[in-house]
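Here's the letter readout for the chains.
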Amino acid sequence: MEKLFVTRGSGNCFKPFLVSCLTGRNIDIVNVDLLAVHHRSRTFLSINPLGRVPYLLLEDGDGIGESNAMLWLLAEGSKLLPGTVKDRARSLQWMFFEQTRLEPFISPARFLSHIAPDRGAGRGDEIAAWQGKAMAGLRIVNDHLQKSRFMLGDTFGITDIAIFGYVHLGHEAGIDMAAFPAVLAWIEQVQSLPGFQPLSMLCERASPFVREAA
Ligand SMILES: N[C@@H](CCC(=O)N[C@@H](CS)C(=O)NCC(=O)O)C(=O)O
């Protein structure tokens, strides 16, 4: 069976997990403890030399890194994939936007203010700068969603999942999401889709990653 290596609470890891929930695809989930630095263990590096999660190990032994790349693979054959070449290009456009204008700012602001606030002590200026940059990206998504039900028109798909991964966690990054009403309405729509599972379920059925003995 395919194996998805994830870590608890990660918006990037949530994306391929959500595709598997929405398509009913059966995948083994393995929880790698990043705070215990298991992603730098010899055992994990022998699976993924890049030492990052999410990482998708296929049945033939090949592996795929990068959450958004996994969405394309896991959604193959489902209605979540964009149908036309123009929509596929547009989907990639939003996926690159997500990785350059949203995730790099929402993720560290959330980590230091919500997940490990002890590490955020004395770093208020940095966190505020990330929040400001994230809000600039969120404004663009909000303007887009004012005119479009989903990221690519009327049809929900992997482009929404890519954006949803971190955007629905914006409040945990200390961002006032009320400033983005179209984004909030879209989040509610995604959360009410049949098969939707919240981030809290990511590691619910996961087996723990076991590193080599020290
Ligand atoms: N662009 C990558 C980002 C992956 C990423 O940032 N993973 C984090 C956890 S969310 C990680 O593995 N951090 C450990 C490290 O980089 O050492 C993706 O979308 O999959």
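Residues numbered from 1 in each chain as written. Predicted model: local features only at pLDDT ≥ 70, side-chain atom pairs only at ≥ 80, totals over all residues. Heavy atoms only, no water.

A separate point is the site of the ligand. Around the ligand, a shell composed of Ser10, Asn12, Leu34, His39, Arg40, Arg52, Val53, Pro54, Glu66, Ser67, Gln99 and Tyr166 is seen. Taking Arg52, its side chain carries an N or O atom lying 3.0 Å from an oxygen atom of the ligand. Relative to its free-state accessible area of 510 Å², the ligand is covered by the protein chains to the extent of 81%. (Near = heavy atom within 4 Å. Polar contact = N/O pair within 3.5 Å; in protein donor to acceptor, adjacent residues only side chain to side chain. Areas by Shrake-Rupley, 256 points an atom, 1.4 Å probe, with all protein chains shown as cover.)

Further remarks concern the domain arrangement of the protein chain. Segmenting the protein chain into domains produces domain 1 (3-78 + 197-208) and domain 2 (85-191). Centre-to-centre separation of domain 1 and domain 2, based on C-alpha positions: 20 Å. With 17 residues of domain 1 at the contact, the number on the domain 2 side is 19 residues. Approximately 1,400 Å² of surface area, both sides summed, lies buried where domain 1 meets domain 2, with 69% of it carried by carbon and sulfur atoms. A per-residue breakdown of the area domain 1 buries against domain 2 is headed by Lys15, Asn68 and Trp72, which together make up 35% of the total. There are one salt bridge connecting domain 1 and domain 2. For the salt bridge of Glu98 with Lys15, the shortest nitrogen-to-oxygen distance reads 3.1 Å. Summed over the shared surface of domain 1 and domain 2, the number is six residue pairs in polar contact (both at pLDDT 80 or more). Of all elements in the fold, only α1 (11-23) and α3 (67-74) reach the threshold of two or more residues within the side of domain 1 that touches domain 2. Taken together, the residues of the side of domain 1 that touches domain 2 sort by class into nine nonpolar, six polar and two charged. (Domains from an automatic or database assignment. Contact = heavy atoms within 4.5 Å. Buried area = accessible area lost by both parts, 1.4 Å probe. Salt bridge = Lys/Arg side-chain N within 4 Å of Asp/Glu carboxyl O. Helix = DSSP H or I, 4+ residues; strand = E, 2+ residues; numbered from the N terminus. Nonpolar A, V, L, I, M, F, W, Y, C, P; charged D, E, K, R; others polar.)

A few words now on the pairing of strand β1 (residues 3-6). Bridging between β1 and strand β2 (residues 28-31) involves four bridges; their strand directions are parallel. Bridging from a neighbouring strand, Leu4 pairs with Ile29 of β2. Crossover handedness for the path β1 to α1 to β2: right-handed. Relative to strand β3 (residues 55-57), β1 runs antiparallel, the two sharing three bridges. Bridge pairing in β3 places Lys3 opposite Leu57. (Pairing = 2+ DSSP bridges. Right-handed = clockwise from strand over helix to strand, strands pointing away.)

In this numbering, the UniProt entry assigns the feature "domain: GST C-terminal" (unreviewed entry) to residues 84-209. The span residues 84-209 is 63% helical and 2% strand by assignment, and the distance between its end C-alpha atoms comes to 39 Å. (UniProt positions renumbered as here; feature names shortened; annotations may be inferred.)

Put simply, Val53 and Pro54 share a cis peptide bond, and its omega is 0°. Position of Pro54 among the secondary structure elements: in the loop between α2 (42-47) and β3. Even without being glycine, Val37 reaches a positive phi, approximately 60°. Relative to the assigned elements, Val37 resides in the loop between β2 and α2. According to the relative accessible area criterion, Val37 is partly exposed, its value standing at 42%. A positive phi angle is found at Glu66, which is not glycine, with a value near 75°. The topology assignment puts Glu66 in the loop between β4 (63-65) and α3. (Buried < 20%, exposed > 50% of the residue type's maximum accessible area, 1.4 Å probe, protein only.)

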